[in-house]
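Descriptive analysis of the structure
For reference, the chains in residue letters:
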Amino acid sequence: MNEEKRLIVLVGPTAVGKTAVAIQLAEHFKTEIISADSPDL
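About the thresholds
Within every chain, residues take consecutive numbers counted from 1 along the sequence as written. For a predicted model such as this one, the threshold for reporting local features is a pLDDT of at least 70, and the threshold for listing and counting side-chain atom pairs is 80 or more; totals across whole chains, interfaces and linings nevertheless cover every residue. With hydrogens and water excluded, all non-hydrogen atoms of the structure serve as input to the side-chain values. Labels follow the DSSP assignment, with helices taken as runs of H or I lasting at least four residues and strands as runs of E lasting at least two, numbered in each case from the N terminus. Here's how the labels work: a residue is buried when its accessible area is under 20% of the maximum for its type, exposed when over 50%, partly exposed in between, all with a 1.4 Å probe on protein chains only. Values of accessible area rely on a 1.4 Å probe in the Shrake-Rupley scheme; residue burial ignores everything except the protein chains shown. None of His or the chain ends enter the tally, which takes Lys and Arg as positive and Asp and Glu as negative. Charge positions come from single atoms, namely NZ of Lys, CZ of Arg, CG of Asp or CD of Glu. Each reported salt bridge corresponds to a side-chain nitrogen of Lys or Arg within 4 Å of a carboxyl oxygen of Asp or Glu.

This part covers the overall build of the chain. In terms of regular secondary structure, the chain is built from 1 helix and 0 strands. Overall, the chain is about 45 × 20 × 15 Å in size when its C-alpha atoms are taken along their principal axes. Considering the chain as a whole, with its 41 residues, one finds that 5% of them fall into the buried category. Surface summary for the chain: the accessible area is close to 4500 Å², and the carbon and sulfur share equals 55%. The positive charge centre, built from 4 side chains, and the negative charge centre, built from 6, are 7 Å apart in the chain.

Now the structure itself:
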C-alpha cells in the first residue's frame, strides 16, 4: 500500500498560540510533534 506522507510546518512569532495549534494537529492526525528553535545569534 502506498501511504501518503505529509509534513506540516508551523512557524510564527513568539506567544501567538503555535503550541496549542500543534497539539490539536497532532491529535487530529494521530502523530508526533517535533519541535525546533532558532539559535541565539
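Before going further, it helps to spend a moment on the pattern of salt bridges. Under the criterion given, the structure shown has 1 salt bridge. Between arginine 6 and glutamate 4 there is a salt bridge; the shortest N-O distance is 3.1 Å. Here arginine 6 matches glutamate 4 in class, with each residue exposed.

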